[in-house]
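# Per-entry structural report
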Amino acid sequence: MQYNPGFLLFMDGFLKKNPRLANFYLRFVGQNAIRQIQEIKLKKLLAYVYKNSRFYREKFDEAGLSPFDIESLDDLDKVPFTEPEELIARAKDFLCVPEAEVAYTFESTGTTNSPKRIFLTQNDLEKQLEYMAVGLNSIIDRKDRALIVFSYGNPRWAVGSVLENVFARLGNPSFLAGNSLPLEELKKRIQENKINVI
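Residues numbered from 1 in each chain as written. Predicted model: local features only at pLDDT ≥ 70, side-chain atom pairs only at ≥ 80, totals over all residues. Heavy atoms only, no water.

## Some words on the overall build of the protein chain
For the record, the criterion: Helix and strand assignments come from DSSP, with helices taken as H or I runs of at least 4 residues and strands as E runs of at least 2, each series counted from the N terminus. Three labels apply to residues, based on accessible area from a 1.4 Å probe with only protein chains included: buried if under 20% of the type maximum, exposed if over 50%, partly exposed otherwise in between. For the accessible areas, the method is Shrake-Rupley and the probe is 1.4 Å, while residue cover comes only from the protein chains on display.
When its secondary structure is counted, the protein chain shows seven helices and four strands. When its helices and strands are written in sequence order, the protein chain yields α-α-α-α-β-β-α-β-α-β-α. The buried share of the protein chain, taken over its 198 residues, is 33%. Roughly 12500 Å² of accessible area belongs to the protein chain as shown, and the carbon and sulfur atoms make up 56% of that amount.

## Remarks on helix α3 (residues 54–62)
What counts here: Throughout, the arc means the angular range of directions from the helix axis out to the C-beta atoms.
Residues of α3 that are buried include every one of Phe55, Lys59 and Phe60, and no others. Taken down its axis, α3 places every buried residue within 120 degrees of arc, on the same side. Two residues or fewer after α3 comes Gly64, characterised by a positive phi angle close to 65 degrees.

## Focus: the packing of aromatic side chains
Keep this limit in mind: Two aromatic rings, drawn from Phe, Tyr or Trp (for Trp, its six-membered ring), form a pair once their centres lie within 6.5 Å of each other, and the interplanar angle then sorts them: stacked below 30 degrees, edge-to-face above 60, tilted otherwise.
The final tally for this structure, using the stated rule, is four aromatic pairs. With 4.0 Å between their ring centres and 20 degrees between their planes, Phe55 and Phe94 make a pair best called stacked. With Phe55 in helix α3 and Phe94 in the loop between α4 (84–89) and β1 (102–107), this residue pair connects regions lying 39 residues apart in the sequence. Each member of the pair Phe55 and Phe94 is classed as buried. Chaining the aromatic ring pairs together yields one cluster made of Phe55, Tyr56 and Phe94.

## A word on a nonpolar patch on the surface
Using the following cut-off: A residue counts toward a patch only above 30% relative accessible area and without a salt bridge, and it is joined to like-charged neighbours within 9 Å or, for Val, Leu, Ile, Met, Phe, Trp and Tyr, to nonpolar neighbours within 5 Å. The rule for a salt bridge is simple: a side-chain nitrogen of Lys or Arg has to be within 4 Å of a carboxyl oxygen of Asp or Glu.
A cluster of nonpolar side chains, Phe7, Phe10 and Phe14, forms an exposed patch at the surface whose accessible area comes to about 300 Å². Within the secondary structure, Phe7 is located in helix α1 (residues 5–17). With relative accessibility at 35%, the residue Phe7 sits in the partly exposed group.

## Re the confidence of the model for the protein chain
The cut-off we apply is this: One confidence number per residue, pLDDT, is output by the predictor and ranges from 0 to 100.
Residues of the protein chain with pLDDT of at least 70 account for 86%, and the chain-wide mean is 85. Across the protein chain, the secondary-structure element scoring lowest on mean pLDDT is α1, at 70, and the one scoring highest is α3, at 96.

## Some remarks on the nonpolar core
Applicable threshold: As used in this record, nonpolar core signifies buried Ala, Val, Leu, Ile, Met, Phe, Trp, Tyr and Cys residues forming a set joined through side-chain atoms within 4.5 Å. Whether two residues are in contact is decided by their heavy atoms: any pair within 4.5 Å suffices.
By size, the foremost hydrophobic cluster in this structure holds 12 residues: Leu129, Ala133, Leu136, Ile140, Ala146, Ile148, Val162, Leu163, Val166, Phe167, Leu170 and Val197. Breaking this core down by element, the ones donating at least two residues are α5 (122–137), β3 (146–148) and α6 (159–170). Tallying contributions element by element places α6 first for this core, with five residues. When sequence neighbours within four positions are dropped, the list of residues in contact with Leu136 reads Leu163, Val166, Phe167 and Leu170. Judged by nonpolar contacts, the second largest core, of five residues, contains Leu42, Leu46, Phe60 and Ile70.

## Some points on the pattern of salt bridges
Taken as a whole and judged by the stated rule, the model has 14 salt bridges. In this structure, the salt-bridge partner of Arg90 is Asp93, at a minimum N-O distance of 2.8 Å. We classify Asp93 as buried; its relative accessible area is 15%. Ionic pairing is found between Lys92 and Glu99, a salt bridge with its closest N-O pair at 2.8 Å. For Lys92, a relative accessible area of 42% corresponds to the partly exposed category. A relative accessible area of 47% means that Glu99 is categorised as partly exposed. Taken together, the salt bridges that share partners define one network made up of Arg54, Glu58, Arg90 and Asp93.

And the structure:
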């Protein structure tokens, strides 16, 4: 079944604001609609990065490819790969926004090579929270109480802090424990806070 693209994009936006409804909606519309949404977004994304990123524009031009040559997910094999070395050497060339709009820079540890950097705007960070809320919603319900045993605080986008924000969006109580508490203290917090999700 083909859905109106406007309807699909409207529902996509609606579900970002209402992640608890996402699983019901996805079961209702089925795989074909999901694929349609993915293809609409892929086309939009490729046109955007071609226009705004020096790296991707050069990459596509070198391959003799226009973003408009990608009509469906089946065409993804035409898109040139981005190599880890390119992320290291040309990190800022990937930017699609002015550098002043970068809200957070994620940097890998560099254990297998030099560190790689990815730059995120406030909008990118917001989208991460939306997607995580939809994902967590598929495995927890409203009565669940979570103990977060990842690092948190500094930087503000550490995994524990992100999870705390996601649980808050879903209306679930969560408690930060960090990743360095002794086992006895963790047990105590689990009992005191009636934790059923770790």
